[in-house]
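Structural description and commentary
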Amino acid sequence: MDIQARIPAALCALHNFIQKYHPDIFDLESDGNLLEINHDVALGELGDGPADAAERRRADQRQDRIAGEMWDDYLNEHRR
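Residues numbered from 1 in each chain as written. Predicted model: local features only at pLDDT ≥ 70, side-chain atom pairs only at ≥ 80, totals over all residues. Heavy atoms only, no water.

Attention shifts here to the pattern of salt bridges. If you walk through the whole model with that rule in mind, you get 3 salt bridges. Taking the shortest distance from any N to any O, the salt bridge between R58 and E55 comes out at 2.5 Å. Pair noted here: R58 and E55 are both in helix α2 (residues 53–79), with a separation of 3 residues, about one helical turn. Looking at E55, the relative accessible area reads 31%, which means it is partly exposed. (Salt bridge = Lys/Arg side-chain N within 4 Å of Asp/Glu carboxyl O. Helix = DSSP H or I, 4+ residues; strand = E, 2+ residues; numbered from the N terminus. Buried < 20%, exposed > 50% of the residue type's maximum accessible area, 1.4 Å probe, protein only.)

Below is the structure:
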């Protein structure tokens, strides 16, 4: 558990290093496969107003997909 607790800090440090010394490695704006990006809103900026129905639907679907994957992982672990 001691090692697991250090992983988030290590990932943050790695992220900061990449952003500082090699920011072009991950071109998130041209490669939509890395992240789902709304190209109408620049990274790091908040959108104006509440999310519209389509955005809420996409968020709900993504949440359901992630929850389903987590549940499947839990069941597989429980079976072992």
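When pLDDT is averaged along the protein chain, the result is 78, and 70% of the positions lie at 70 or above. Predicted confidence is poor over residues 36–42, with pLDDT under 50, and the contacts of this stretch with residues over four places away or in other chains come to 7 contacts. (pLDDT = per-residue confidence, 0-100. Contact = heavy atoms within 4.5 Å.)

Further remarks concern the packing of aromatic side chains. The tally for this structure, following the rule as stated, stands at 2 aromatic pairs. Centre to centre, the rings of F17 and Y21 are 4.8 Å apart; their planes meet at 45°, and the pair counts as tilted. With F17 and Y21 both in helix α1 (residues 2–21) and 4 residues apart, the pair spans about one turn of that helix. (Phe/Tyr/Trp six-rings, centres within 6.5 Å; stacked < 30°, edge-to-face > 60°.)

Judged by side-chain polarity, I3, I7, L11 and L14 come together as a nonpolar surface patch covering roughly 410 Å² of accessible area. You can see L14 is positioned in helix α1. Exposure remark for L14: the relative accessible area of 47% places this residue in the partly exposed category. (Patch = residues over 30% accessible without salt bridge, like charges linked within 9 Å, V, L, I, M, F, W, Y side chains within 5 Å. Areas by Shrake-Rupley, 256 points an atom, 1.4 Å probe, with all protein chains shown as cover.)

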